[in-house]
Structure formats: C-alpha cells, structure tokens
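# Report on the structure
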Amino acid sequence: MKSCWKKRELTFLTLYALLFYIIIIRRSLQISRDYHHKVSGLRPGWLADQLNDTSDAQWRNFRGNLPVLTAVFGIFAFVAYMLRVYCQLKARGMAVVWLLISLIYLTYLHGACIIFILSIASANFLIVKLFARTKYFSSALWVFNLFFLIYNRIHGGYSFSSFGQHWANLDNFRGTFRWHICFNFVILRMISFGYDYHWAHQGSHFDQKKHIQRCHICKAGKVCYLHLQERSVPNDKFSFSLYLCYLVYAPLYISGPIISFNAFASQLDMPQNNYSVRDVSWYGLRWLFSLFLMELMTHLLYYNAFAISGLWKRLSPMDVFIIGYGVLNFMWLKFFLIWRYFRLWSLICGIEAPENMPKCINNCYNLESFWKNWHASFNKWLVRYMYIPLGGSQRKLLNVWVIFSFVAIWHDLEWKLLSWAWLTCLFFVPEMILKSLANTFQAESAFGEFIFRELSAVAGAVTITCLMVANLVGYVIGPSGINWFISSFLQKEGLPVLGGMFMTFYVGTKLMFHIDDAKKRRHQHST
C-alpha cells in the first residue's frame with residue numbers, strides 16, 4: 001500500500017515538475033524576445049541569428065579565452081608528461097618541472113607582479129617553518145594571511161612606484177590579469193601548507209585501517225581524496241620548491257578547485273589512478289555537453305542581462321521570480337563549467353582535485369547540503385582548516401558566523417557579500433536547531449512518518465526560498481535591493497506568485513526525497 005502510494009505521488013510530482021519547467025521556459029523565451037532591445041550586454045551570437053547574453057564579465061572572459069587556454073594547457077600537459085616518462089621523475093623532479101611551467105604561465109598573467117606573489121609566499125614559508133612547533137603557530141599564520149588578504153584588496157595589488165621611483169618602470173609590465181584576485185586562492189594554499197606541516201609534527205589521528213573498511217574507493221584498491229588529505233606526507237616533501245609548485249600549479253591556479261598540500265604532494269609523487277583515460281575522456285565529453293547547454297541558455301534566455309540592466313525591477317512579480325531563478329541557475333552552470341574545465345586539465349596532468357559542483361543547484365533542499373555541494377572544495381578546506389580548529393560541532397552555532405564572515409571577506413570587501421554571509425547564518429541557525437530536534441524524533445507509525453516527511457518538505461521549501469533570497473542579495477541585487485525584492489511578492493499581485501513559488505519548492509523538495517530514497521535502495525543493493 002505504502003509503495004503504491006509513493007509511486008502515485010512520484011508520478012504527480014514528476015508531472016508537476018515538467019509543467020513548471022515548460023511554463024518557466026516558455027515565459028523566459030517570451031520576455032527575452034520582448035525586451036531584448038532594452039537590456040544591455042547582448043552581442044551577436046552564432047546560434048540561429050540569436051543575440052548572445054555576454055553581460056557577465058567573468059563568463060565573457062572565460063569563454064573568450066577558451067581556445068588559448070586549451071592550447072596552452074595542452075602544451076603544458078604534453079611537456080610535463082614527456083619529462084615524467086622519459087626522465088622518470090618523482091615528486092621533487094616534477095615539482096621543479098611544474099614550478100618552471102607555472103612561473104612561465106604566471107609571468108604572462110601578471111608580468112612583473114609575480115615579484116609580489118613570490119615575496120609574500122616566501123615570507124609565509126619562513127613563518128610556517130619558524131612557528132610550526134610553537135603554541136603561537138595558528139595566530140602567526142592567520143594574522144599574516146588575513147593581513148595580506150585585506151591589504152591586497154584595499155591597495156588593489158600595489159604599485160611598484162610606491163616602493164620608490166626606481167621601481168616605477170615595472171608598473172608598465174603588470175600582465176593581463178590582476179594578481180591580487182588570483183592571490184586569494186594562493187592564501188588558502190599557504191594556510192593549507194602551514195597546517196599540514198604543523199600537524200605532521202604532532203602525529204596523525206587519522207585511522208587508515210578504519211577508513212579503508214568504510215570507503216568503497218579505498219576498498220577497490222585505489223586511494224580516495226580524504227585518504228590523501230588526511231595522510232601526512234614525509235618531512236622532505238615540505239620543501240620550498242614543492243611548496244611554491246603547490247601555490248602556483250598552473251591548471252588550478254586561477255580558480256581551483258582547492259586541494260590540500262598533503263593531497264597535492266602525494267599525487268605529484270604518484271599520479272592519480274582513480275580516473276582512467278576513458279573516465280577522463282567521458283568527463284571531458286560531459287563538459288562539452290554542459291558548455292552547449294550554456295550556449296543555448298545565453299542565446300535564448302537573457303536572465304543575467306535582465307538582472308545587470310535592472311530592467312527586471314519593472315516587470316511583474318512572476319517575471320521577477322523567473323529571472324531570479326534563472327540567474328541562480330546561470331551562476332551555477334557558469335561556475336560548474338569554469339571549475340570543471342580546470343579540474344579536467346588537472347586530472348589529465350595527474351592531480352585529482354575535489355569536485356566543486358557534485359550536485360545540481362536544483363537538487364539541494366537544506367543549507368548544509370547546498371554548501372557541501374556549491375564550491376565543495378572550499379567547503380572541505382573550511383571544515384579542515386577553520387571549522388575543526390575552532391572547535392567543530394561543539395561550537396557549531398558560533399562557528400558558522402566566523403566562517404561565513406571569512407568567506408565573504410575572502411571573496412571581496414563588499415557590504416553585499418557580508419550581508420549575504422550574515423543572512424545565510426541567520427537562516428542556518430534555525431535549520432541546525434530543527435535538524436538536531438529531528439534527529440531525536442522517531443516516527444512510531446506510518447502516520448507519524450507521513451507527518452514528519454510533510455513537515456520536512458515544508459521546511460525544505462522555506463530553506464530554498466531563503467537560499468534564493470540570500471544568494472540574490474549577495475551576488476545580484478545587494479542589501480539595498482532586499483526591500484524591493486520582498487515587497488514585489490508581498491503586494492496584491494505578488495501574493496499568488498509567492499504561494500505558487502512556495503508550492504513549487506515544496507514539490508521540488510518531495511521529489512528530492514524520492515531521489516534520495518532511490519539512491520539509498522541502489523546503495524543497499526550494491527552492498
């Protein structure tokens with residue numbers, strides 16, 4: 001009876017979801033056709049004489065430089081592979097190879113500003129070596145890195161003339177890419193190196209045997225990322241050349257994914273074997289298909305152009321919801337493509353980094369799940385180097401404020417990002433409390449299980465709404481746009497849209513429950 005009811009529910013939920021997307025896509029096409037002459041950021045495209053939405057600078061630059069990036073990384077990968085094979089190089093030799101390759105790459109990107117990167121990195125290396133075995137280590141490491149994280153942004157990467165007029169001529173050779181933007185990732189790597197070196201001298205608490213028994217990857221004779229991350233490398237791997245190679249490793253330098261020093265050093269010695277040539281090829285083909293989907297979106301649905309131009313503020317509440325929802329999906333697909341592109345080249349070169357977008361944005365119904373699957377490598381970094389050192393789950397309610405404030409500052413010194421961080425924390429705290437209460441609740445009957453599932457779906461709908469608001473505030477409308485956005489749905493015309501939106505998120509959450517149930521059944525059958 002229960003199984004039959006669930007099948008009927010799944011059929012209804014699937015039909016509702018199909019109808020929802022048909023309505024959304026049809027209306028999106030309509031408003032894109034009607035208002036294309038009023039929005040900015042559209043350029044002639046290649047698809048059926050359609051205009052292409054290139055209003056997002058980050059996507060425009062990445063897309064425009066794809067051919068050059070692909071050629072450059074192809075040459076890098078070929079040179080590194082040939083030297084490894086014919087010279088039989090291990091970690092130290094490959095560190096020198098990749099360091100030289102990466103320095104050539106950085107010289108093109110940043111020109112003479114590479115001096116700033118190497119100077120700060122060298123100072124960090126000295127601090128780590130001096131303080132690693134003292135009680136002042138964490139304070140010294142964090143003060144140094146936070147100082148440069150903020151100071152670099154305030155001064156926009158410095159000018160050579162500020163150090164004396166005899167250096168001023170170097171300001172004419174600043175490269176093609178602002179070095180202090182990329183340096184945010186370098187800071188994360190400097191902290192990772194510091195802590196991995198510090199913990200290597202304290203003894204590892206990682207139980208390898210217990211982990212191998214639980215991990216299906218390690219059981220299969222391979223080595224998972226968690227194992228690579230937690231297992232300390234030998235002391236001779238913490239050399240200056242390997243450290244610099246880790247900081248500026250070309251495939252992951254610009255945007256990650258973020259990888260720990262332990263995991264990087266281990267794979268430099270022994271290239272990853274979790275992905276075969278066939279797996280990497282399939283990964284690349286899936287990326288090409290995703291790129292085609294992005295091209296379809298930007299040629300037919302001008303979500304980002306509406307948001308950038310501000311035109312959506314004059315549209316109906318229904319259209320505001322559609323554009324807001326579309327912008328978030330555009331952002332997800334943009335980062336998905338950028339991060340997977342660089343991860344693909346890293347895999348080809350023998351270094352497996354964590355997947356940044358393992359789950360679709362439309363398949364997350366709680367905040368914890370969302371942040372584990374949006375920039376997932378950064379999440380792993382935050383857990384390892386901030387959350388656990390700050391006390392972990394014992395101080396969870398306090399830790400989220402510190403961590404999300406850091407995440408906002410790390411992205412940029414903007415009030416809208418701090419607003420996003422604090423809004424997220426405000427939404428996070430009640431979820432953690434409710435989740436803790438839910439874990440103690442045991443449904444003793446089918447009716448009790450039904451009520452619990454329904455309440456969980458309602459909570460999921462609330463969470464998705466909060467996530468949508470927080471991310472639009474942080475990345476699109478800013479704190480000044482909160483009142484406009486909320487008032488759009490609280491007026492007479494907007495209330496039915498708000499109700500429909502909430503109903504849709506409720507249905508979406510229940511659909512995700514069915515997906516989770518199917519995954520659990522498949523896992524049980526496989527074990």
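Every chain is numbered independently, its residues counted from 1 as its sequence is written. Totals for whole chains, interfaces and linings use all residues, but because this is a predicted model, local features are given only for residues with pLDDT of at least 70 and pairs of side-chain atoms are given and counted only at 80 or more. Side-chain figures throughout are based on the complete set of non-hydrogen atoms in the structure, without hydrogens or water.

## Let's talk about the overall build of the protein
- Looking only at helices and strands, the protein has 22 helices and two strands in total.
- Based on the C-alpha atoms only, the size of the protein along its principal axes is roughly 65 × 60 × 45 Å.
- By residue count, 51% of the 527 residues in the protein fall in the buried class.
- Of the contacts made within the protein by residues no fewer than 6 positions apart, 75% connect residues no fewer than 24 positions apart.
- Here, Shrake-Rupley sampling with a 1.4 Å probe gives the accessible areas, and only protein chains in the shown set may cover a residue. Looking at the protein as shown, the accessible area adds up to about 26300 Å², and 64% of this sits on carbon and sulfur atoms. Numbered from the N terminus, helices here are DSSP runs of H or I no shorter than four residues, and strands are runs of E no shorter than two. Each residue is assigned to one of three classes by its accessible area relative to the maximum for its type, calculated with a 1.4 Å probe on protein chains only: buried under 20%, partly exposed between the two thresholds, exposed over 50%. Residues are treated as being in contact if the distance between any of their heavy atoms lies within 4.5 Å.

## Brief notes about the packing of aromatic side chains
- Aromatic pairs are defined between Phe, Tyr and Trp rings, using the six-membered ring for Trp, whenever the two ring centres lie within 6.5 Å; interplanar angles under 30 degrees are classed as stacked, those over 60 as edge-to-face, and all others as tilted. If you walk through the whole model with that rule in mind, you get 63 aromatic pairs.
- Measuring from centroid to centroid gives 5.1 Å for Tyr197 and Phe238, while their planes differ by 65°, and the two rings are edge-to-face. You can see Tyr197 sitting in helix H6 (residues 179-200) and its partner Phe238 sitting in the loop between helix H9 (225-230) and helix H10 (240-248), a full 41 residues away along the chain.
- Here Tyr197 falls in the buried class, since its relative accessible area comes to 6%.
- You can call Phe238 buried: its relative accessible area is 2%.
- The rings of Trp98, Phe125, Phe193, Tyr197, Phe238, Phe240, Tyr243, Tyr246, Tyr249, Phe261 and Phe264 are connected pair by pair, giving a single aromatic cluster.
- Charge over a ring is defined by NZ of Lys or CZ of Arg lying within 6 Å of the ring centre and within 35 degrees of the ring normal. Across from the ring centre of Phe335, 4.5 Å away, lies the NZ or CZ of Lys334, which sits over that ring.

## Things to note about helix H5 (residues 137-154)
- What a helix is expected to span follows from its residue count: subtract one and scale by 1.5 Å. The end-to-end C-alpha distance of H5 is 26 Å, a good match for the 26 Å that 18 residues give at a rise of 1.5 Å each.
- Inspection of H5 places Phe137, Ala140, Leu141, Trp142, Phe144, Asn145, Phe148, Leu149, Asn152 and Arg153 among the buried residues, and these make up the whole buried set.
- Buried-residue contacts for H5 involve helix H4 (114-131), H6, helix H17 (376-387) and helix H18 (396-411).

## What to know about the packing of helix H2 (residues 57-87) against helix H13 (residues 277-300)
- Here the axes come from fitting lines to C-alpha atoms, over the contacting stretch only for helices, and the angles between their N-to-C directions go from 0 to 180 degrees. One can describe the packing of H2 onto H13 by two numbers: an axis separation of 14 Å at closest approach and a directional angle of 125°. By the angle between their axes, H2 is oblique relative to H13. Viewed along their axes, H2 and H13 form a crossing whose handedness is left-handed. Here H2 contributes Trp59, Phe62, Arg63 and Leu66 to the contact with H13, which in turn contributes Trp287, Leu291, Met294, Glu295, Thr298 and His299.
- Only Asp, Glu, Lys and Arg are considered charged, only Ala, Val, Leu, Ile, Met, Phe, Trp, Tyr, Cys and Pro nonpolar, and every remaining residue, Gly among them, polar. Broken down by class, the residue content of the contact of H2 with H13 amounts to six nonpolar, two polar and two charged. In what follows, roughly perpendicular refers to angles from 65 to 115 degrees, roughly parallel to angles under 35, roughly antiparallel to angles over 145, and oblique to any angle outside these ranges. Two helices that cross are described as forming a left-handed crossing if the nearer one is turned anticlockwise from the farther one by less than a right angle, and a right-handed crossing if clockwise.

## A word on the packing of H4 against H5
- Two numbers describe how H4 lies on H5: the axes approach to 9 Å, and their chain directions differ by 165°. Considering the angle they form, H4 stands roughly antiparallel to H5. The crossing of H4 and H5 is right-handed. Across from Ile120, Ala123, Asn124, Ile127, Val128 and Phe131 in H4, the residues of H5 making contact are Phe137, Ala140, Leu141, Phe144, Asn145, Phe148 and Asn152.
- Grouping the constituent residues of the contact of H4 with H5 by class yields 10 nonpolar, three polar and no charged.

## A closer look at a nonpolar patch on the surface
- A surface patch of nonpolar side chains, amounting to about 370 Å² of accessible area, comprises Trp5, Phe450, Ile451 and Leu455.
- When you line up the elements, Trp5 lands in helix H1 (residues 2-35).
- When its relative accessible area of 36% is taken as the criterion, Trp5 is described as partly exposed. Patches here are clusters of residues that have more than 30% relative accessible area and form no salt bridge, with a 9 Å joining cutoff for like charges and a 5 Å cutoff for nonpolar side chains (Val, Leu, Ile, Met, Phe, Trp, Tyr). Criterion for a salt bridge: a side-chain nitrogen of Lys or Arg within 4 Å of a carboxyl oxygen of Asp or Glu.

## Observations regarding H13
- Taking 1.5 Å of rise per residue, the 24 residues of H13 would be expected to cover 34 Å, and the 35 Å separating its terminal C-alpha atoms lies within 8% of that figure.
- Every buried residue of H13 is accounted for by Val280, Tyr283, Gly284, Trp287, Ser290, Leu291, Met294, Glu295, Met297, Thr298 and His299.

## Concerning the environment of Phe261
- Structurally, Phe261 can be placed in helix H12 (residues 261-269).
- On the accessibility criterion, Phe261 (0% relative accessible area) is buried.
- In this structure, the C-alpha to C-alpha distance between Phe261 and Tyr246, residues 15 residues apart in sequence, is 6.9 Å.
- Here Phe261 is in contact with Ser192, Phe193, Asp196, Val233, Lys237, Phe238, Leu242, Tyr243, Tyr246 and Tyr385, once residues within four sequence places are set aside.

As far as function goes, none of this settles anything; it's purely spatial.
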